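A closer look at the structure
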Amino acid sequence: MSIKNRISIINGEIKDNAELIVVSKTRSVEEIVQAYDQGHKKFGENRVHEIVEKHNILPKDIEWHMIGHLQKNKVKYISEFISLIHSLDRLSLAKEIDKNAEKQNRSLDCLIQIKISKEETKYGLNPIELDSFYNDLKEFKNIKIVGLMAMATFTNDQDLIAEEFKEMKRLFKKMKTINSNFKILSIGMSDDYKLAIKNGSNMIRVGSKIFGKRNY
Ligand SMILES: *Cc1c(COP(=O)(O)O)cnc(C)c1O
């Protein structure tokens, strides 16, 4: 099946409930063009050098989403064109994003990445720190927090994943009541996006289900 067909199928499944971010990390420009040519314009990448290179080559009406761990010293390379940073998880990074956004004379939309999984390797903010982190972010005038992002535990245990998504739904709902800018709940990947949407996701990040398995 073609990339184009796989995207159409997912769009048909999620309807208006969620927005699809096509995760194009490790994929070639040619593969991205196949998605772009059928009208898809939102792509997610997790490495700065890769996102910069692809942004330079590809059409300028593509919306690029930074979904991976972001190092402070690399913010400057993406601050001019990035549409949404999904991975804001620490104050030092917020400070750097704010500084670069100001230089670009723009406001930068960010999601707070929550560490919902108990796995040691995942980045993200501990959920119990969310209130105070959010308060601390108020000093950064060039950052607009528009929602939350998380990755579920890498497991086949659907109950565990559902539990984690439910917790994200609860946090999102709570934050929405104090900030009307909270609009995006970015949860759900190739293997769990249906479960994520059942639990309130309105933005899914899907790669391998569209392009096939990654080699790394
Ligand atoms: C790679 C990645 C995805 C997509 O994963 P698939 O399982 O290929 O759909 C989603 N979100 C993040 C943060 C990723 O790094």
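Parameters and conventions
Residues numbered from 1 in each chain as written. Predicted model: local features only at pLDDT ≥ 70, side-chain atom pairs only at ≥ 80, totals over all residues. Heavy atoms only, no water. Helix = DSSP H or I, 4+ residues; strand = E, 2+ residues; numbered from the N terminus. Pairing = 2+ DSSP bridges. Right-handed = clockwise from strand over helix to strand, strands pointing away. Near = heavy atom within 4 Å. Polar contact = N/O pair within 3.5 Å; in protein donor to acceptor, adjacent residues only side chain to side chain. 1 Å grid on protein atoms, 1.4 Å probe; cavity = no way out; pocket = protein on both sides within 12 Å on 5 of 7 lines; lining within 4 Å. Sits in = over half its atoms within 2 Å of the grid points. Nonpolar A, V, L, I, M, F, W, Y, C, P; charged D, E, K, R; others polar.

**With respect to the environment of Lys209**
Checked against the element boundaries, Lys209 lands in helix 9 (residues 208-211). Between the alpha carbons of Lys209 and Ile7 there is a distance of 8.8 Å; along the sequence they are 202 residues apart.

**Section: the pairing of strand 3 (residues 63-66)**
Consecutive side chains along a regular strand alternate between the two faces of the sheet. The sheet contact formed by strand 2 (residues 42-45) and strand 3 spans four bridges and is parallel. Within strand 3, the position partnered with Lys42 by the bridge is Glu63. Read from strand 2 through helix 3 (residues 48-57) to strand 3, the crossover connection turns out right-handed. Pairing geometry for strand 3 and strand 4 (residues 84-88), over two bridges, is parallel. Each bridged residue has a counterpart across the sheet, and for Met66 the counterpart in strand 4 is Ile85.

**Here we look at the site of the ligand**
The environment of the ligand is formed by Val23, Lys25, Ile67, Met149, Met151, Met189, Ser190, Arg205, Val206, Gly207, Ser208 and Arg214. The contact in question runs from an oxygen atom of the ligand to an N or O atom on the side chain of Ser190, over 2.5 Å. Between the ligand and Arg205 there is a distance of 2.9 Å, counted from a nitrogen atom to a side-chain nitrogen or oxygen. In this structure, the ligand is accommodated by the largest pocket. Of the residues that constitute the shell around the ligand, the class distribution is six nonpolar, three polar and three charged.

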